[in-house]
Amino acid sequence: MNKNQEIAEIFEKIADALEFKGENLFRVNAYRKAARVLSELPEDIEELWKNGKLEEIPGIGKGMAEKIEEYLKTGKMKKYEEAISGIPDGLLELLNIPNLGPKTLSLAYKKLNVKNLDDLKRVIEDGSLAKLSRMGEKKVENIKKGIQLYEEGTSRIPLGIALPIVEEIINSLKNLTEKIAPAGSLRRMKETVGDIDILATGKDHKKIIEKFTSLPMVKDVLAKGETKASVIVKQHNLQVDLRVIDKGCYGAALQYFTGSKAHNIKLRGMAKEKGLKISEYGVFKGDKKIAGETEEEVYEVLGLKWIPPELREDRGEVEAALKDELPVLVKKEDIKGDFHVHSKYSDGVDDIRKIAEFAKKLGYHYIGICDHSKTSKIAGGLDEDALKRRNEEIDRINEEIKGIKVLKGMEVDILQDGSLDYPDKILEELDFVIAAIHQGFKKNVTERIKKAMENPFVDIIAHPTGRLLSGREGYEVRIEEIMEYAAEMGVALEINAYFDRLDLNDINVLKAKKMGIKLAIGTDAHNVGMLRYMDLGIGVARRGWLEKENLLNTYEWEDVPLRRRRTKK
DNA sequence: GCCGTTTTCGGCCCGACTGTTTTCAGTCG
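About the criteria used
- Residues numbered from 1 in each chain as written.
- Chains lettered and ligands numbered in written order.
- Predicted model: local features only at pLDDT ≥ 70, side-chain atom pairs only at ≥ 80, totals over all residues.
- Heavy atoms only, no water.
- Helix = DSSP H or I, 4+ residues; strand = E, 2+ residues; numbered from the N terminus.
- Buried < 20%, exposed > 50% of the residue type's maximum accessible area, 1.4 Å probe, protein only.
- Contact = heavy atoms within 4.5 Å.
- Domains from an automatic or database assignment.
- Buried area = accessible area lost by both parts, 1.4 Å probe.
- Salt bridge = Lys/Arg side-chain N within 4 Å of Asp/Glu carboxyl O.
- Polar contact = N/O pair within 3.5 Å; in protein donor to acceptor, adjacent residues only side chain to side chain.
- Nonpolar A, V, L, I, M, F, W, Y, C, P; charged D, E, K, R; others polar.
- Pairing = 2+ DSSP bridges.
- Near = heavy atom within 4 Å.
- Axes fitted to C-alpha atoms, helices over the stretch in contact; angles between N-to-C directions.
- Parallel < 35°, antiparallel > 145°, perpendicular 65-115°, else oblique.
- Left-handed = near helix turned anticlockwise from the far one by under 90°.
- Patch = residues over 30% accessible without salt bridge, like charges linked within 9 Å, V, L, I, M, F, W, Y side chains within 5 Å.
- Areas by Shrake-Rupley, 256 points an atom, 1.4 Å probe, with all protein chains shown as cover.
- Lys, Arg positive; Asp, Glu negative; His and termini not counted.
- Charge placed at Lys NZ, Arg CZ, Asp CG, Glu CD.
- 1 Å grid on protein atoms, 1.4 Å probe; cavity = no way out; pocket = protein on both sides within 12 Å on 5 of 7 lines; lining within 4 Å.
- Points joined across faces, edges and corners; volume = space filled by probe spheres on them.
- Expected span 1.5 Å × (residues − 1).

A look at the side chain of Thr177
- Among the structural elements, Thr177 can be located in the loop between α9 (159-173) and β2 (179-182).
- Given the relative accessible area of 12%, Thr177 is considered buried.
- Setting aside its immediate chain neighbours within four residues, Thr177 contacts Ala200, Thr201, Gly202 and Ile208.

Right under this line is the structure:
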């Protein structure tokens, strides 16, 4: 774990501890903000400290800077020790239980000596928790449900899995609603989503809520009111929130529920300075509503250009919008081709001709066929003979189908010693080479990827943090080190939103942009569902502020700044 | 604890829902 993350976690724990102790909430929030900013900071905190720039970080003032310095120098932070003193180990972990907040936990600790999850379960069962002031049967029942969710581990799920669920819900409600759209982290195209927010307008609010909470996919109804309802659906125990609002508020509501929270807090702060008030119902000057029907309006009254949802993280986008310096983000229309599609030769489900025709229909100018190399036997890896046959077929298809170029690529295994699965003679014949780890997950993954990058024929590293392959004991990869080496060697990295999940997340994409590393969206499609995966990849890329020149896919094939082309001459 | 085009004090986003209460505290997003 890098220092940014370490310190962010300590600040987060301080915030929890202070809140538990009933400390001033604004101070608590200052720690939370600092934690968030640090965890998303593209620069190395140690570097900033050495250059005396800690206080230039938003949310970091004199006090926080001192604490960061203390930690970097000594590995300890007095404030942290102080904050957690007198709190039993592991007690604050219980704050992750839904419906159990700091007040209730503190009360249970003081009055009933609850020190851990078992204690908590005990005081629920014996009825003593319900007897405390302002507690009761129903509150306890909700905490009990929360414990169940907590124990099941409702972790974030990949965007690619959440999208179809949302589509299903939206389709079910369509005939009752006028407008209906996803908001939240899904609209921001976060690579994973924790829950789903859906926004709707329609004549009969009650009916919409009723239908929503009684959908067959709904497992549990958490809340149900006039304007909003929350449910848990059967798929992945995912929480889905629906808000039904009036048409005139649609823009304000869409803006509000799209978030992120940090972005909204920023906007509301700005509004306040101007004597305005923003809520999900609109922007108000006194009692007068001055904006709210469209999102553009809401941003405009604050003197801002409309900000694409993917950027709304309070990561500098508001300042950029103020100065009219928002980047021109990659759009689907910018994509000229795809580098990573598997054919029937290895573990794809479609033949090359079909893929080529589909890609042409999408408007691509080129399509890179990347099959697995010989050592990946399970995935149907190609030996030299099969590869030769495949390449010949590609030649034939290129003769026959005009208007699209089919490229000879391969997803070549990085072997246990860091060498590649084919000799250079073979690699040289390919149009480009993607290298990736598919085996030996416990063995020096970082070093092997770096060694592979030293081969001049390697153009792209796929799933560089290898999450697709992980979830395995002992798998460890140092992405910072890999990125530094990729920058040095001129190798591109692949973004793969669907398969790689948290892999090259938006923070790393932002870092890559600053480091001058080229990225490639690899849909890694195994069938013709390329478009869907491409959407996901672009979403993640946009969150990292990626512009056309940063992305290999936006260049015409002749101009793609492949490493082998750039390092030649 | 941070921050400043009302800047060194006094603010800090705002509202819905729930449950316990009889006007509001806690939790959530």
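That covers the picture; the talk isn't over yet.
Here's the deal with the domain arrangement of chain A
- Along its sequence, chain A is organised into domain 1 (3-139), domain 2 (157-243), domain 3 (249-322) and domain 4 (332-568).
- At the interface, eight residues of domain 3 touch seven residues of domain 4.
- Contact with domain 4 buries surface across domain 3, with Glu310, Leu311 and Arg315 losing the most and accounting together for 80% of the total.
- Connecting domain 3 to domain 4 are three salt bridges.
- Note that Glu310 and Arg542 form a salt bridge whose closest N and O atoms lie 2.9 Å from each other.
- Remark: the boundary between domain 3 and domain 4 carries three residue pairs in polar contact (both at pLDDT 80 or more).
- Of the residues contributing to the side of domain 3 that touches domain 4, the split by class is three nonpolar, one polar and four charged.

Focus: the sheet that holds strand β11 (residues 337-341)
- The strand order β11-β12-β13-β14-β15-β16-β17 describes an open sheet built from seven strands, whose pairing is parallel. Since the sheet does not close on itself, it has two edges, and those belong to β11 and β17 (519-521), each with one partner.
- Pairing of strand β13 (residues 405-413) with strand β14 (residues 432-436), which is carried by five bridges, proceeds in the parallel orientation. In the sheet register, Val412 faces β14, and the bridge partner there is Ala435.

Digging into the protein's contact with DNA strand B
- In the vicinity of DNA strand B there are 46 residues, among which Asn99, Thr104, Tyr256, Arg268 and Lys272 approach most closely.
- Among all atoms of DNA strand B positioned within 4 Å of the protein, those belonging to sugar or phosphate total 77%.
- Gly136 has a polar backbone atom sitting 3.0 Å from a phosphate oxygen of DNA strand B.
- Residue Lys277 places a side-chain N or O atom 3.0 Å away from a phosphate oxygen belonging to DNA strand B.

Quick notes on the packing of helix α1 (residues 3-20) against helix α2 (residues 25-39)
- It is the contact of α1 with α2, at a shortest axis distance of 8 Å, that shows an interaxial angle of 165°. In this view, α1 runs roughly antiparallel relative to α2, as classed from their interaxial angle. You can see that α1 and α2 cross each other, and the crossing is left-handed. Between α1 and α2, the residues in contact are Asn4, Gln5, Ile7, Ala8, Phe11, Glu12, Ile14, Ala15, Asp16, Leu18 and Glu19 and Leu25, Arg27, Val28, Tyr31, Arg32, Ala34, Ala35, Leu38 and Ser39, respectively.
- Taken together, the residues of the contact of α1 with α2 sort by class into 12 nonpolar, three polar and five charged.

What about a negative patch on the surface?
- On the surface, Asp44, Glu47, Glu454, Glu480, Glu484 and Glu488 cluster together into a patch of negative charge.
- Ranked by the residues each element gives to the negative patch, the list is headed by helix α20 (residues 479-489), at three residues.
- The exposure class of Glu454 is partly exposed, given its relative accessible area of 43%.

Quick word on the layout of surface pockets
- Each pocket or cavity is described by its volume, and for the second largest pocket that value is around 560 Å³.
- As for the second largest pocket, its lining consists of 21 residues, of which Leu41, Pro42, Arg315, Gly316 and Lys514 are closest to the centre.
- When residues of the lining of the second largest pocket are traced back to their parent elements, those giving at least two are α2 and α22 (506-515).

Details of the pattern of salt bridges
- In the structure shown here, the tally under the stated rule is 40 salt bridges.
- Here Arg32 and Glu19 are joined by a salt bridge, their closest N and O atoms 2.5 Å apart. With Arg32 in helix α2 and Glu19 in helix α1, this pair connects stretches of sequence that are 13 residues apart.
- A residue is classified by how much of its surface remains accessible, and Arg32, at 22% relative accessible area, is partly exposed.
- One salt bridge in this structure joins Arg312 and Glu295, with 2.8 Å as the shortest N-O distance.

What to know about helix α13 (residues 261-273)
- For α13, which comprises 13 residues, the first-to-last C-alpha distance of 19 Å matches the rise-based estimate of 18 Å (1.5 Å per residue) to within 8%.
- Turning to α13, its buried residues are Ala262, His263, Asn264, Leu267, Met270 and Ala271.
- Looking at the packing, one finds that the buried side of α13 touches α2, α12 (250-258), β8 (277-279), α14 (295-301) and α15 (317-322).
- One or two steps after α13, the chain reaches Gly275, where phi turns positive at roughly 75°.

Details of the pairing of strand β6 (residues 228-233)
- When you tally the buried positions in β6, you get five out of six residues, the bulk of the element.
- The pairing of strand β5 (residues 218-224) with β6 spans five bridges and is antiparallel. Note on β6: the bridge partner recorded for Asp220 is Ile232.
- In sequence, β5 turns back onto β6 through a hairpin of three residues.
- Note: β6 against strand β7 (residues 239-245), five bridges, orientation antiparallel. Bridge pairing in β7 links Ile232 to Gln239.
- Between the end of β6 and the start of β7, which pair antiparallel, lie five residues, with His236 showing a positive phi angle near 60°.

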